[in-house]
Structure formats: structure tokens, C-alpha cells
Amino acid sequence: MRPLPSRRRKSHGLSLGVFALCLAAARCLQSQGVSLYIPQAAINATVEEDILLSVAYSCHGIPTIEWKYTSNWGMQKIVEWKPGTQANISQSHKDRVCTFDNGSIQLFSVGVRDSGYYVITVTERLGSSQFGTIVLHVSEILYEDLHFVAVFLALLAAVAAVLISLMWVCNKCAYKFQRKRRHKLKESTTEEIELQDVEC
């Protein structure tokens, strides 16, 4: 004969069912909580350029937005703010960052050291959050080096032209001087010959 199911087992099964239902509802709410869209996950830039790290988010209420920077030199916080309020910008990025209510930031005059990973975290008031990453690669401007080389070569060409002109002028002067000297030598030789003829 089977033992009758006890009430304890029924309540245990019921509490497990309620727990699973609550967990599914929380998961559903969490997935609807914060969504983050990053249109460009990798950005290539050159030195001294202004860069827009563009994102868009959607959530219930006003979230907290935080940007961090990670590279070979470590991780540092760039800025944290709630849309519509004053942004808390770190000392390392003072006067170099502009924030937007959609979560985007703009970096002014980037350098090679700004290359790395930029991580955005959008946290809702209820605690759900979403993060995304943008990779920034900053390279030196090659045409500045080429410009320097071109100016240097133009300067060398100008110096060479001046030297060639001076050599040509010196050559002409030397030729005229030798011609004059030969002419004088010829005249003196002719006079000596005439004198010798007269003496004879």
C-alpha cells in the first residue's frame, strides 16, 4: 500500500513552481530592462582628431551611464553621469570629454595613448545593467612625416641650385681671368720680340 501524499510535499512543489515563475518573470523583466546599441564597435582615427564614441540605449527610468578606458597602461574611469545632470569627469579627461544624453561621448584631440578599449555600462535604477565595448585605434599622421621630408628635399634642392650657380659664376670668372692673363702674357711676349728685333 502506498503512503498518502503529504501536504508538505505539495507545498514544496508549489513553492518551487512559484519560484520558477518568479525567476522567469525576473528574467523577462531583466531582458526588457536595459538594451544597448553600438553602431560602430571599432574606430580608426589619427592623432589630434575629435572622436565620437556613439551609443544608444533604452530602459525604464533614468539610468546611470559610466565609461571606462582599458589599455596596456591599465583601466581608468572616464566619466559617470545620469542624463540631465552634471557629468562627473575624471581628472585625466577634464576638458577632453563631452557627454550626450543618449550615452555617447566625444573625445577631443586624441593621441596614440588613447588607443584601447572603451567600455560603457548603463545601469537602470532597479539594478539591471548592460555593457558594451568600443575599440579605438589611433595612429600617427603619415603625411606630416612626408611633408617634413618634402620640405627637407626642397631645401636641399635649393641649396644645390645656389651652389651650382656659384660654381658656374666662379668658373666664368676664372676663365675670364685666365684669358686676360694669357692676353697680357701674349702682349708682353710680342713686345719682347719687337724689342729684340729693334736691337738687332
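Residues numbered from 1 in each chain as written. Predicted model: local features only at pLDDT ≥ 70, side-chain atom pairs only at ≥ 80, totals over all residues. Heavy atoms only, no water.

Peer 1: Help me understand the sheet that holds strand β9 (residues 105–107), please; the structure alone is not making it clear to me.
Peer 2: Sheets are built from strands paired through backbone hydrogen bonds, the pairs being either parallel or antiparallel. Pairing is antiparallel across the open sheet formed by three strands, whose spatial order is β3-β9-β8. The strands lining the two open edges of the sheet, one partner per strand, are β3 (51–53) and β8 (97–99). Sheet twist, expressed as the average angle between the axes of neighbouring strands with direction ignored, equals 20 degrees. As defined by bridge partners, β3 adjoins β9 across three bridges and the pair is classed as antiparallel. Bridge pairing in β9 links I51 to L107. (Pairing = 2+ DSSP bridges. Helix = DSSP H or I, 4+ residues; strand = E, 2+ residues; numbered from the N terminus. Axes fitted to C-alpha atoms, helices over the stretch in contact; angles between N-to-C directions.)

Peer 1: Hey, could you run me through unusual backbone geometry in this one?
Peer 2: The phi torsion of most residues other than glycine is negative, and most of the peptide bonds are trans. At D95, a position not held by glycine, the phi torsion is positive, near 65 degrees. Looking at where D95 falls in the secondary structure, it is placed in the loop between β7 (88–89) and β8.

Peer 1: So what exactly am I meant to see when it comes to the UniProt feature "transmembrane region" (unreviewed entry) in the chain here?
Peer 2: The residues that UniProt annotates with the feature "transmembrane region" (unreviewed entry) are residues 146–170. Taken as a whole, residues 146–170 contains 100% helix and 0% strand, while its terminal C-alpha atoms sit 36 Å from one another. (UniProt positions renumbered as here; feature names shortened; annotations may be inferred.)

Peer 1: Just checking my understanding: could you explain the environment of Q130 for this structure?
Peer 2: Secondary-structure assignment places Q130 in strand β11 (residues 129–139). Exposure remark for Q130: the relative accessible area of 33% places this residue in the partly exposed category. Taking the C-alpha atoms as reference, Q130 lies 6.6 Å from S35; in sequence the two are 95 residues apart. Those residues in contact with Q130 that lie beyond four places of it in its chain are V34, L36, I120, T121 and V122. A distance of 3.4 Å separates the side chain of Q130 from the backbone oxygen of V34, its partner in a polar contact. (Buried < 20%, exposed > 50% of the residue type's maximum accessible area, 1.4 Å probe, protein only. Contact = heavy atoms within 4.5 Å. Polar contact = N/O pair within 3.5 Å; in protein donor to acceptor, adjacent residues only side chain to side chain.)

Peer 1: What should I look at first to understand the environment of S92 in this one?
Peer 2: Structurally, S92 is set in the loop between β7 and β8. In this structure S92 comes out as partly exposed when scored by relative accessible area, which is 39%. Along the backbone, S92 and Q76 are 16 residues apart, and their C-alpha atoms lie at a distance of 8.8 Å. Polar side-chain contacts of S92 include one of 2.9 Å to the side chain of Q76.

Peer 1: Would you take a moment to explain the pairing of strand β5 (residues 64–71) for this structure?
Peer 2: For a regular strand, side-chain orientation follows a simple rule: the groups alternate between the two sheet faces. Across seven bridges, the pairing between β5 and strand β10 (residues 116–123) is antiparallel. Of the residues in β10, the one forming a bridge with T64 is T123. Sheet analysis places β5 next to strand β6 (residues 74–81), joined by seven bridges and oriented antiparallel. The residue of β6 that forms the bridge with E66 is E80. The hairpin formed by β5 and β6 contains two residues between the paired strands.

Peer 1: What am I meant to see in the packing of aromatic side chains here?
Peer 2: By convention here, two paired aromatic rings are described through the distance between centres and the angle between planes. Under the counting rule described, the total for this entry stands at one aromatic pair. A ring pair is formed by Y69 and Y118, whose centres lie 4.9 Å apart and whose planes are at 40 degrees; its orientation type is tilted. Within this pair, whereas Y69 is found in strand β5, its partner Y118 is found in strand β10, the two being separated by 49 residues in sequence. With a relative accessible area of 4%, Y69 lands in the buried category. The class of Y118 is buried, set by a relative accessible area of 0%. (Phe/Tyr/Trp six-rings, centres within 6.5 Å; stacked < 30°, edge-to-face > 60°.)

Peer 1: What is the right way to look at the sheet that holds β6 in this model?
Peer 2: Taken in spatial order, the six strands of this open sheet run β2-β11-β10-β5-β6-β7, and their pairing is mixed. Two strands bound the open sheet, and with one partner strand each, they are β2 (42–46) and β7. The pairing of β10 with β11 spans eight bridges and is antiparallel. Residue pairing for β11: T121 is matched across the bridge by F131.

Peer 1: Would you explain the environment of S71 in this entry?
Peer 2: Along the chain, S71 turns up in strand β5. A relative accessible area of 15% places S71 in the buried class. Look past the residues within four positions of S71 in its chain and what remains in contact with it is S115 and G116.

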